Structure formats: structure tokens, C-alpha cells
Amino acid sequence: MLRLFQRPGSPFWYIRGTFAGQTINATTKKRDKGDARRFAREFETKLARSADQKCHAATFQDAAALYLEAHCTAPQWRANIERLCAVIGDRLLTDIRQHVLVDAANALCPDSRPSSKNCNVFAPAAAVLHCASENDLCPHIKVKRLREKKPEPRAMRKEDAARLIAAADGKLKLLLVFLFAQGWRISDTLRLQWADINFTEGKVRYHISKTDEWLTMPLNLAVLDMLREEDQPLVGRVFPWRDRRSLHRQLKPLCRRAGVFFTPHMARHSFATWLNADGASMKEIMEAGAWRDFRSVMRYVNIDERRVRATINRIRFK
């Protein structure tokens, strides 16, 4: 039996329980409880139909529809799945093998790097196939991602970041300080609302679109002071840019004036690298930057040669 519940900080109703031997934990994407009840009934009907299907009859399109019904996905993730369906949607799940996904990746991302193909094709395909297996539409299908070149951290030197910030003013200066001091992704930063800032407690509540999570985090004191100095009506979005493209139109001339190369995501790399150089533990960096695992943090951290040298020189033979 499925039951409705709400998660702290989320306006949506969720469903949880077991149905036909399956464990269900999904969002209804509904704010009204009555709408959520109707969604749950329709969802149970679809699950019942899926349970009655034979494995050989289900297609990738069927599995994708079930996955999208059961998960609250980011728009880009949903778009990737829909593009996949346009290429392999009519393929039977039992006919999908590694070469089918490789062909799909080459068709959808012909000139892209392996990392882009993994992100836009193999990862969403694996999620859909895993969901299909959990719901008995097919046996488990292992998806092997393409081998990627190990990413190199792109942290800035503190003096270059300081020069960039000094060359900016107004909202652009506030944005740069925020990115370097909080370590957020640029898309999440641009969506920040004044209503999510608690000046009394020095905290901010924000939505991490990549994982569809809401977190409440402390604000850096420098950021908090700059936000308090804002004299405009504190309503709506904190930053005026609607997307990264509109931001880059102002950011590029600033970088030329400051004589530095910078992209907003470099601030997140810098955030992790600077904390690491200052002696913060991996656990502390994970919590401060809202990373989910140790490996994710390591992708962002530059090795501090001075600390490594001091560490290895602790070994003495005299």
C-alpha cells in the first residue's frame, strides 16, 4: 500500500510503500494533497500493468515513462532521456546491449568527449534500465560507461581571484564573492531568492538542482555583510541574471580588464582547493560544498605541493 507524505522544506507530496513486492519512493510533483492522491492511484494502476507485462514485451520507451513518473528530474536530465527515446525508444529492453548505447551516444553526441557522452547518454540510460530492472520489466542490464580522461582541477590563485573581485562592482562583485566564499554551482546561485536568506541566523536555504535537494547552510561572514548592505527591496532573486549566458556578457569584459581567465565553475574548484590548502579535512570540505562523496571532492582539489613536501619529509632516517 502506498502512502503520502511531505519532506521537510519541499512543497511537494511524495509516495512511499510497497506495491506488488516492489519498494516505491517517488515524488508526485503535486502541491495539493487531493491531486497527489489522484496521482498515487494512477501510479498504482501503471505499476500493476507493468507488473503484468512480460519481460520481452517492454521497450525502452516504456521503461523511460515509468522512470520519469517515479522520479522528480531536472529539466536537462529529462531532456536527455527524451532524446534517448527518440533514438532507441522502440528497442525491446531485452535487445539493449552496450553497442546499442554506444551507437546512440555517437548519434546524439557525435563530436563530444567521452565525459559528455557519459553524462548525456550513458548515465540516463543506466538510470532508466536500473528502474526497469527494479520493476521487473527486464533482467539487470549492466551499462559500462566510456573511459574518461581524468579531470584536472581548475582552481585560481587567491591573488588572481582578488584582482578579479577588485575590478568588479555592484551585483557582479557580490556574485563573485558569493561564488568563491560559498562554493555553489552557478545555476543554483542565480536562482537564489531573498526569501531564502535568514539574516538573523546568518543562514541560507537553497535548492541543489543536480541532486534535487534542499539544504540550509551558513553564510560566509563577508557574504553576509555584503548582502546586508544591499539597499534595494529584498524581494525576488538576489542576482539579476536569468541564466549563465546573460551573465557571461558582463563577465567576459571584466576578465579582460582584470587580465585573468575565469569561468564561474572555477570558483567551486577554488573553494575546495583553498580549504584543502588551509588544512580543512575532506569531510569538512564535503559538508561546506555539499558534495555527496569523497571522490567528487577529489575532482575539485588541487594538490598542495608544499603540504605534500612537508608530509613526506616527516619520514627521516637519522
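Residues numbered from 1 in each chain as written. Predicted model: local features only at pLDDT ≥ 70, side-chain atom pairs only at ≥ 80, totals over all residues. Heavy atoms only, no water.

## What to know about the packing of aromatic side chains
Within the structure shown, the criterion is met by 8 aromatic pairs. Between F39 and F43 the ring centres are 5.9 Å apart and the planes differ by 15°, which places this aromatic pair in the stacked class. You can see F39 and its partner F43 sitting in helix 1 (residues 33-52), 4 residues apart, about one turn around the helix. Exposure remark for F43: the relative accessible area of 3% places this residue in the buried category. Centre to centre, the rings of W184 and Y206 are 3.7 Å apart; their planes meet at 20°, and the pair counts as stacked. Here W184 is found in the loop between helix 7 (170-182) and helix 8 (186-190), whereas its partner Y206 is found in strand 5 (residues 203-208), with 22 residues between them in sequence. Among the residues examined, W184 registers a relative accessible area of 3% and is labelled buried. Relative accessible area serves as the criterion here: at 5%, Y206 is assigned to the buried category. (Phe/Tyr/Trp six-rings, centres within 6.5 Å; stacked < 30°, edge-to-face > 60°. Helix = DSSP H or I, 4+ residues; strand = E, 2+ residues; numbered from the N terminus. Buried < 20%, exposed > 50% of the residue type's maximum accessible area, 1.4 Å probe, protein only.)

## Some words on the pattern of salt bridges
A complete count under the given rule lists 9 salt bridges for this structure. The closest approach of N and O atoms between R157 and E159, which form a salt bridge, is 3.5 Å. Ionic contacts of the salt-bridge type, sharing partners, join the residues R157, E159, D160 and R163 into one network. (Salt bridge = Lys/Arg side-chain N within 4 Å of Asp/Glu carboxyl O.)

## Considerations on unusual backbone geometry
Here K29, not a glycine, exhibits a phi torsion of approximately 60°, which is positive. Topologically, K29 is positioned in strand 3 (residues 22-30). By relative accessible area, which is 33% here, K29 ends up partly exposed.

## As for helix 9 (residues 221-228)
Looking at helix 9, one finds that the buried residues are V223, L224 and L227. The buried residues of helix 9 occupy an angular sector of 100° when the element is viewed end-on, so they sit on one face. Where the residues of helix 9 are buried, they touch helix 7 and strand 4 (197-198). Two or three places before A222, at the start of helix 9, stands the capping residue N220, its side-chain oxygen 2.8 Å from that residue's backbone nitrogen. (Arc of directions from axis to C-beta. Contact = heavy atoms within 4.5 Å. Polar contact = N/O pair within 3.5 Å; in protein donor to acceptor, adjacent residues only side chain to side chain.)

## Remarks on the environment of L176
Counting through the fold element by element, L176 comes out in helix 7. Since its relative accessible area comes to 1%, L176 is described here as buried. Sequence separation between L176 and A161 is 15 residues; the distance between their C-alpha atoms is 8.7 Å.

## Topic: the sheet that holds strand 3
The 3 strands lie next to each other as 1-2-3, forming an open sheet whose pairing is antiparallel. The two strands at the open ends of the sheet, each matched to only one other strand, are strand 1 (2-6) and strand 3. Pairwise comparison of adjacent strand axes, ignoring direction, gives a mean angle of 25° for this sheet. Inspection of the sheet shows strand 2 (residues 13-19) paired to strand 3 by 7 bridges, in the antiparallel sense. Note on strand 3: the bridge partner recorded for W13 is K30. (Pairing = 2+ DSSP bridges. Axes fitted to C-alpha atoms, helices over the stretch in contact; angles between N-to-C directions.)

So far we have only geometry, and geometry alone does not tell us how the molecule works.
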